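Given next are the chains, with one letter for each unit.
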Amino acid sequence: MANVTETADSAKRFDQTMLSLERRFFPDAREWVVTRASGDTVEVAIGTGLNLPYYGADVRLTGVDLSPAMLAVAVERAAQRGRKLHAVVGDAAQLPFADASFDSLVCTFALCEVPDVGVALTEFARVLRPGGRLLLADHVVATTAIVRLGQRLLEAITIPASGEHYTRRPAAQLPADFTVVDSHRRTKGAVEYVEARTRPASVIGGQ
Ligand SMILES: C[S@@+](CC[C@H](N)C(=O)[O-])C[C@H]1O[C@@H](n2cnc3c(N)ncnc32)[C@H](O)[C@@H]1O
């Protein structure tokens, strides 16, 4: 669960923890996911903006996060890189955008902590244009029994403490609007990257 009273210091400490975890367990995640974004793009739960280095120069980027402190670090990071970022405080479950606003939606390492993944994914489908691209990376329920056991034990502590889930799998909960076009699991299946597309306008119009 996001802590909206997070301070700038705790937001910066997040970077150190996250970067050391990803070097060990999912070093290619951000590049795999983010370099696929194009056009009008929204990153939901952008955090401190660790994905910013991977966006192409032609991407017009909006970043949303529940935590103003995390978002402030993302804004600073974008400015340092000379990148325009439209930053908005908002909830993944109720995005402050009209239907069909974006060509791409990126969400990394955050669906593990939203209260209801199904609601967030339905919201993602709503704000994407026909043929839009959904790009996800997260830690998910592992394909290996021993790792799954560890995940269940861990989340017995983390769910009550911070709302952090380890046995979810967003790819298995995608609304029917989405078709998965590429995916990759690594680290005993405990990390998954997904590219899915919404139905193209020609298909929607033909119904
Ligand atoms: C583990 S961090 C990941 C940040 C970033 N996506 C990354 O890959 O580094 C999770 C982020 O999700 C945000 N978050 C959690 N629940 C949210 C929600 N319901 N809506 C928007 N942001 C949320 C938190 O504030 C935090 O910045």
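A. Structural view of the overall build of the chain. Scanning the chain from N- to C-terminus turns up six helices and seven strands. Start at the N end of the chain and walk to the C end: the helices and strands fall as α-α-β-β-α-β-β-α-β-α-β-β-α. Its C-alpha radius of gyration of 16 Å places the chain within 12% of the 17 Å reference for a compact globule of 207 residues. Taken over the C-alpha atoms alone, the chain extends approximately 50 × 40 × 30 Å along its principal axes. In the chain, which comprises 207 residues, the proportion classed as buried is 38%.

B. Geometry of helix H5 (residues 145-162). With 18 residues, H5 extends 24 Å between its outermost C-alpha atoms, agreeing within 8% with the 26 Å of an ideal straight helix rising 1.5 Å per residue. The largest bend along H5 measures about 35 degrees and falls at Glu-155. Counted residue by residue, H5 has one buried out of 18 residues, so it is predominantly exposed. Just downstream of H5 lies Gly-163, where phi reads positive at about 75 degrees.

C. Spatial organisation of the pairing of strand S7 (residues 191-198). Among the eight residues of S7, six are classified as buried, and the element is accordingly described as predominantly covered. Sheet topology places strand S5 (residues 128-139) next to S7; seven bridges connect them, and they run antiparallel. Bridge pairing links Asp-138 to Glu-192 in S7. With eight bridges connecting them, strand S6 (residues 178-186) and S7 associate as antiparallel partners.

D. View of the nonpolar core. Counting 51 residues, the largest nonpolar core has Val-33, Val-44, Leu-105, Cys-107, Leu-134 and Leu-136 as the members making the most contacts within it. Listed by contribution, the elements that provide at least two residues to this core are helix H2 (29-34), strand S1 (40-44), strand S2 (60-65), helix H3 (68-80), strand S4 (102-108), helix H4 (117-127), S5 and S7. Residue contacts for Leu-136: discarding those within four places in its chain leaves Val-33, Cys-107, Leu-111, Pro-170 and Val-194.

E. Inspection of unusual backbone geometry at higher detail. Notably, Ala-100 is not glycine yet its phi reads approximately 50 degrees, a positive angle. Inspection of the secondary structure puts Ala-100 in the loop between strand S3 (85-89) and S4.

F. Structural detail: the sheet that holds S4. Reading across the sheet, the seven strands line up as S3-S2-S1-S4-S5-S7-S6 and stay open at both edges, with mixed pairing between neighbours. The open sheet has two edge strands with one neighbour each: S3 and S6. For this sheet, the mean angle separating the axes of adjacent strands, direction not counted, is 15 degrees. Its contacts with the sheet put H3 on S2 and S3, and the angle it makes with S3 is roughly 175 degrees.

G. Main features of the packing of helix H1 (residues 8-25) against H3. It is the contact of H1 with H3, at a shortest axis distance of 8 Å, that shows an interaxial angle of 65 degrees. Comparing the axis directions of H1 and H3 gives the class roughly perpendicular. The hand of the H1/H3 crossing is right-handed. Along its contact with H1, which presents Ala-8, Ala-11 and Lys-12, the element H3 presents Ala-69, Met-70, Ala-72 and Val-73.

H. Molecular detail of the environment of Arg-30. Along the chain, Arg-30 falls in helix H2. In this view, Arg-30 contacts Leu-50, Asn-51, Tyr-54 and Thr-108; residues no more than four positions away in its chain are not counted.

I. Region of interest: the environment of Gln-151. Tracing the chain through its elements places Gln-151 in helix H5. Remark: the alpha-carbon pair of Gln-151 and Pro-175, spanning 24 residues in sequence, is separated by 25 Å. Those residues in contact with Gln-151, other than ones at most four positions away along the chain, are Val-141, Ala-142, Tyr-166 and Thr-167.

Conventions we followed
- Residues numbered from 1 in each chain as written.
- Predicted model: local features only at pLDDT ≥ 70, side-chain atom pairs only at ≥ 80, totals over all residues.
- Helix = DSSP H or I, 4+ residues; strand = E, 2+ residues; numbered from the N terminus.
- Rg over C-alpha atoms; globule rule 2.2 N^0.38 Å.
- Buried ≥ 20, exposed ≤ 12 C-beta atoms within 10 Å, placed from the backbone.
- Expected span 1.5 Å × (residues − 1).
- Bend = angle between axes of the 7 residues up to and from the residue.
- Pairing = 2+ DSSP bridges.
- Core = buried A, V, L, I, M, F, W, Y, C linked by C-beta atoms within 7 Å.
- Contact = placed C-beta atoms within 7 Å.
- Axes fitted to C-alpha atoms, helices over the stretch in contact; angles between N-to-C directions.
- Parallel < 35°, antiparallel > 145°, perpendicular 65-115°, else oblique.
- Left-handed = near helix turned anticlockwise from the far one by under 90°.

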